[in-house]
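Residue-level structure breakdown
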Amino acid sequence: LFAIFAFATCGGYSGGLRLSVDCANKSESDLNIDIDFAYPFRLHQVNFDVPTCEGKRRETLSLIGDFSSSAEFFVTIAVFAFLYSLAATVVYIFFQNKYRENNRGPLIDFIVTVVFSFLWLVSSSAWAKGLSDVKVATDPDEVLQLMSACKQQSNKCLPVRSPVMSSLNTSVVFGYLNFILWAGNIWFVFKETGWHSSGQRHPPDTMEKQSSSYNQGGYNQDSYGPAGGYNQPGSYSQVGEYGQSQSYGQSGPTSFTNQI
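The name given to the chain in an unreviewed UniProt entry is SYNPR protein, and the organism recorded there is Urocolius indicus. Under the UniProt heading Subcellular location (unreviewed entry), the entry covering the chain gives this text: "Membrane". The record in UniProt for the chain states the following under Sequence similarities (unreviewed entry): "Belongs to the synaptophysin/synaptobrevin family."

Notes on the environment of Arg161
Mapped onto the fold, Arg161 is located in strand E5 (residues 156–161). Taking the relative accessible area as the measure of exposure, Arg161 reaches 37% and is therefore partly exposed. It is 5.2 Å that separates the C-alpha atoms of Arg161 and Leu17, two residues lying 144 residues apart in sequence. Excluding residues that lie within four positions of it along the chain, Arg161 makes contacts with Gly16, Leu17, Arg18, Asp34 and Pro140.

Focus on the sheet that holds strand E1 (residues 14–22)
Pairing in this open sheet of three strands is antiparallel, and the strands run E2-E1-E5 from one edge to the other. Each of the sheet's edge strands pairs with one partner strand only, and the pair in question is strand E2 (30–38) and E5. Averaged over all neighbouring strand pairs, the angle between strand axes comes to 25°, with direction disregarded. By the bridge criterion, seven bridges tie E1 to E2 in an arrangement that is antiparallel. In the sheet register, Leu17 faces E2, and the bridge partner there is Ile35.

Topic: the state of the cysteines
Taken as a whole, this structure holds two disulfides when the rule is applied. Through a disulfide, Cys23 is tied to Cys53; the S-S separation comes to 1.8 Å. When the S-S torsion is -70°, as for the bridge of Cys23 with Cys53, the disulfide is left-handed. Here Cys53 lies in the loop between strand E3 (47–51) and strand E4 (58–62) and Cys23 lies in the loop between E1 and E2, a separation of 30 residues in the sequence. A single burial state applies to Cys23 and to Cys53, both of which are buried. The residue that forms a disulfide with Cys150 is Cys157, at a sulfur-sulfur distance of 2.1 Å. Handedness here is read from the sign of the S-S torsion; for Cys150 and Cys157, about -100°, the answer is left-handed. Taking relative accessible area as the criterion, Cys150 reaches 23% and is therefore assigned partly exposed. Of the residues examined, Cys157 reaches a relative accessible area of 18% and is grouped as buried.

What to know about the nonpolar core
Ranked by internal contacts, the top residues of the largest apolar core, which has 42 residues, are Ile35, Phe37, Phe41, Phe48, Trp120, Trp127 and Met147. When contributions to this core are tallied by element, the ones reaching two or more residues are helix H1 (2–11), E1, E2, E3, helix H2 (68–94), helix H4 (104–137), helix H5 (140–144) and helix H6 (166–192). In this structure, Met147 is in contact with Leu19, Val21, Ile33, Phe48, Val50, Glu59 and Leu61, ignoring residues within four places of it in sequence.

Things to note about the packing of aromatic side chains
Applying the stated criterion across every chain, the model contains 14 aromatic pairs. Considering the side-chain rings of Phe5 and Phe174, the 5.2 Å spacing of their centres and the 45° angle between planes classify their relative orientation as tilted. Within this pair, whereas Phe5 is found in helix H1, its partner Phe174 is found in helix H6, the two being separated by 169 residues in sequence. Taking the centre distance of 6.3 Å and the plane angle of 65° together, the rings of Phe7 and Phe82 count as edge-to-face. Separated by 75 residues along the polypeptide, Phe7 in helix H1 and Phe82 in helix H2 bring together distant segments of the chain. Assessed through its relative accessible area of 21%, Phe7 is described here as partly exposed.

Thresholds applied
Residues numbered from 1 in each chain as written. Predicted model: local features only at pLDDT ≥ 70, side-chain atom pairs only at ≥ 80, totals over all residues. Heavy atoms only, no water. UniProt positions renumbered as here; feature names shortened; annotations may be inferred. Helix = DSSP H or I, 4+ residues; strand = E, 2+ residues; numbered from the N terminus. Buried < 20%, exposed > 50% of the residue type's maximum accessible area, 1.4 Å probe, protein only. Contact = heavy atoms within 4.5 Å. Pairing = 2+ DSSP bridges. Axes fitted to C-alpha atoms, helices over the stretch in contact; angles between N-to-C directions. Disulfide = S-S within 2.5 Å. Core = buried A, V, L, I, M, F, W, Y, C linked by side-chain atoms within 4.5 Å. Phe/Tyr/Trp six-rings, centres within 6.5 Å; stacked < 30°, edge-to-face > 60°.

Listed below in C-alpha cells is the structure:
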C-alpha cells in the first residue's frame, strides 16, 4: 500500500500555472497564458506562446530543466517494490512450507529487503531534490523573467495561478516512509534466516556434557529393570556386601541365596 501511494502520487501528477501579460497597447495583451506540465517533468519540452507587446507578433518559449531521471527512478523503485511485496505475500500465505524447507528462501528475502531499503533511501532523496528544482522551474515569477515583454516597464506581467504541488510533496513523504518500513523489516526477515537461530543454539559439546553428567548422577532407568528392580509384588531384592542377594517382603527378610 505504501508503494502504491508513492508511485500514484508522483506518476499520476499533472499541473499547471497561469500568467497574465498586460501590454501598454491593450489589444496586444494576453491575460490568460496557461502552461501545463506533468510527469515525467521534461519541462524543456513544455512550450507556450506569449505576446511580445510589439504588434501581433508572439514568441514561443519553453520551461527550463529536465527532471525525468529522478522522477522515473523513484516511480520505478516504487513499482518494483509493490510487485515484490505482492509476490512475497503470495509465498508467505500459500508456500510457507517450501519457504522454510531450507535457508535459501529467507536468505534471498533478506538480501532483497536490504537492497530495497537502500534504493528507497536513494530514490526518495533524489526525487526530493528533483521536486525542489521543479518548484523553482515552474515558479510563475521565474517563468515571467523568460518573457521579453516583461522586461519593459510599460508592460505589466503578473502571476495568476501557481501550480499545486501537494501530491508531489506527499510522494516524497511516502518515499521516506517506505524506506523506514523496509529498513525496519530487515530485522524480521533476518530472524527467518539460519543466522539468527544458529546464534542461539547451544554447542553440541555442552549438551553432551550435560547429558553424561545427568546419567552419572545416579538416575538411570535401567536400575529399575528386572535384574535389580521390583521382582515381585510386595517384595524387592538387594545385593549384600559379600555378594549375597537378599529378598525382603513386607514383614522383613524371607530368604538368603548365594550368588556365583
